[in-house]
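Structural overview for review
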Amino acid sequence: MAATVFYLDSVPEPGAVAVLDGPEGHHAATVRRIGPGAAVTLSDGRGVSGRARVLTAGRGRLELIVDDRETEQPPCPRVTLVQALPKADRAEAAVELATEAGVDAILPWRAARCVARWDGKADKAVAKWRATARAAARQSRRAWIPEVAELHDTAAVLARIAAAGGPVAALHEAADRPLAGLPFAGASDVLLIVGPEGGLDDGELARLVAAGAQPVRLGPTVLRTSTAAAVALGALGVLTDRWSGRPPPDRSPQ
């Protein structure tokens, strides 16, 4: 059985008992059918994780004893993704792939050419993105669940660019500069901007550049808005020290 991570508000000290209930308990006890004696990983989604063993299993609920606990530092540089709203059938894939590739935060962006607008349903849509990020983090055994911000308009994105403390990369197929040409060495933060299906509006791109963004290309092909961020995060994993850490151990239930 494949290993996974189960999230709870806080991971107790070693030797203490943890209770996993709610949606996480349902997934563990009912969907995964994890029973007494199984070893699992618990995390608070904010860098703290611990190994634990199941003491009792009930309907949608596990009681576990924590064997050890550790704190994982977040990757550096921190990558925040400004993701233009994809079409409904692509939105989940965009969040899922970016989370699996290690993104630290996601800002939904209603860009000029977005087909999706989220009019009157932004709260519900953001909640869905957060649930998708949480599920993808669990699948990839992440100790950190990416933060998903409220819906941003272009003015809010421009403010984030102006306040950025590191490189701001706006992916654009017509850019002359490659992603590798940005000064990532020593940066603590990276802002990554991905436009919608129709591409960045020329006037909007000019405003992004005026605020401090730098248009860059990933390669010779044009990627979908739902996959571009994941490819860029993979490149950043090689171009920076983000991938210098070891992967989490496989703690599959026995």
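Residues numbered from 1 in each chain as written. Predicted model: local features only at pLDDT ≥ 70, side-chain atom pairs only at ≥ 80, totals over all residues. Heavy atoms only, no water.

1. Here we look at the pairing of strand 3 (residues 39-43)
A large share of strand 3 lies buried, amounting to four of its five residues. Examined bridge by bridge, strand 1 (residues 5-7) and strand 3 share three bridges and lie parallel to one another. From the neighbouring strand, Tyr7 faces strand 3, where its bridge partner is Ser43. Counted between consecutive antiparallel strands, the loop separating strand 3 from strand 4 (residues 48-58) contains four residues, among which Gly45 sits at a positive phi close to 75°. (Buried < 20%, exposed > 50% of the residue type's maximum accessible area, 1.4 Å probe, protein only. Helix = DSSP H or I, 4+ residues; strand = E, 2+ residues; numbered from the N terminus. Pairing = 2+ DSSP bridges.)

2. Some words on the environment of Gly102
Along the chain, Gly102 falls in the loop between helix 2 (88-100) and strand 7 (105-109). Spatially, the C-alpha atom of Gly102 lies 8.7 Å from that of Ala137, the residues being 35 residues apart in sequence. Not counting the four nearest positions on each side in its chain, Gly102 is found in contact with Arg142, Leu233 and Arg242. (Contact = heavy atoms within 4.5 Å.)

3. What to know about the side chain of Thr99
The topology assignment puts Thr99 in helix 2. In contact with Thr99, not counting residues within four places along its chain, are Ile106, Ala133, Ala136, Ala137, Arg142 and Pro146.

4. What about the pattern of salt bridges?
The tally for this structure, following the rule as stated, stands at eleven salt bridges. Between Glu63 and Arg61 there is a salt bridge, with the nearest N and O atoms lying 3.0 Å from each other. Owing to a relative accessible area of 26%, Glu63 belongs among the partly exposed residues under this scheme. Across the salt bridge formed by Glu150 and Arg130, the nearest N and O atoms sit 3.1 Å from each other. On the criterion of sequence distance, the pair formed by Glu150 in the loop between strand 8 (147-148) and helix 4 (154-162) and Arg130 in helix 3 (residues 122-139) is long-range, its members being 20 residues apart. For Arg130, a relative accessible area of 38% gives the class partly exposed. (Salt bridge = Lys/Arg side-chain N within 4 Å of Asp/Glu carboxyl O.)

5. Observations concerning the side chain of Thr154
Of note, Thr154 is situated in helix 4. Judged by its relative accessible area of 9%, Thr154 is buried. Among the polar contacts listed, one links the side chain of Thr154 to the side chain of Glu204, at a separation of 2.7 Å. (Polar contact = N/O pair within 3.5 Å; in protein donor to acceptor, adjacent residues only side chain to side chain.)

6. A closer look at helix 4
Where helix 4 is concerned, the buried positions are Thr154, Val157, Leu158 and Ile161. Down the axis of helix 4, the sector holding all buried residues measures 100°, keeping them to one side. Looking at the buried positions of helix 4, the neighbouring elements they touch are strand 6 (78-84), strand 7, strand 9 (168-171), strand 10 (189-194) and helix 5 (202-211). (Arc of directions from axis to C-beta.)

7. Some thoughts on the nonpolar core
In terms of nonpolar packing, the biggest core is built from 48 residues, with Leu81, Trp109, Trp129, Ile161, Leu192, Ile193 and Leu208 touching the most fellow members. For this core, the element with the most residues is helix 6 (residues 225-239), which contributes six residues. With residues near it in sequence (within four places) discarded, Leu192 still touches Val79, Thr80, Leu81, Val82, Ala169, Leu171, Ala229 and Ala232. Residues Leu8, Val11, Ala52 and Leu62 belong to the second largest nonpolar core, which totals 17 residues. (Core = buried A, V, L, I, M, F, W, Y, C linked by side-chain atoms within 4.5 Å.)

8. Quick notes on the UniProt feature "domain: Ribosomal RNA small subunit methyltransferase E PUA-like" (unreviewed entry) in the protein
Residues annotated in UniProt with the feature "domain: Ribosomal RNA small subunit methyltransferase E PUA-like" (unreviewed entry) correspond here to residues 20-66. The straight-line gap between the two end C-alpha atoms of residues 20-66 is 12 Å; of that span, 21% is helix and 49% is strand. (UniProt positions renumbered as here; feature names shortened; annotations may be inferred.)

9. Things to note about helix 5
Because each turn of an α-helix spans 3.6 residues, side chains separated by three or four positions in sequence point in the same direction. Along helix 5, the residues classified as buried are Glu204, Leu205 and Leu208. Looking straight down helix 5, one finds that the buried residues subtend no more than 100° of arc, so they occupy a single side. Relative to its buried face, helix 5 has exposed residues pointing more than 90 degrees away, namely Asp202 and Ala210. Contacts from the buried residues of helix 5 go to strand 7, helix 4, strand 10 and strand 11 (214-216). Near the N-terminus of helix 5, the side chain that reaches the backbone nitrogen of Gly203, with its oxygen 3.0 Å away, is that of Asp201. At the exit of helix 5 stands Gly212, carrying a positive phi of roughly 130°.

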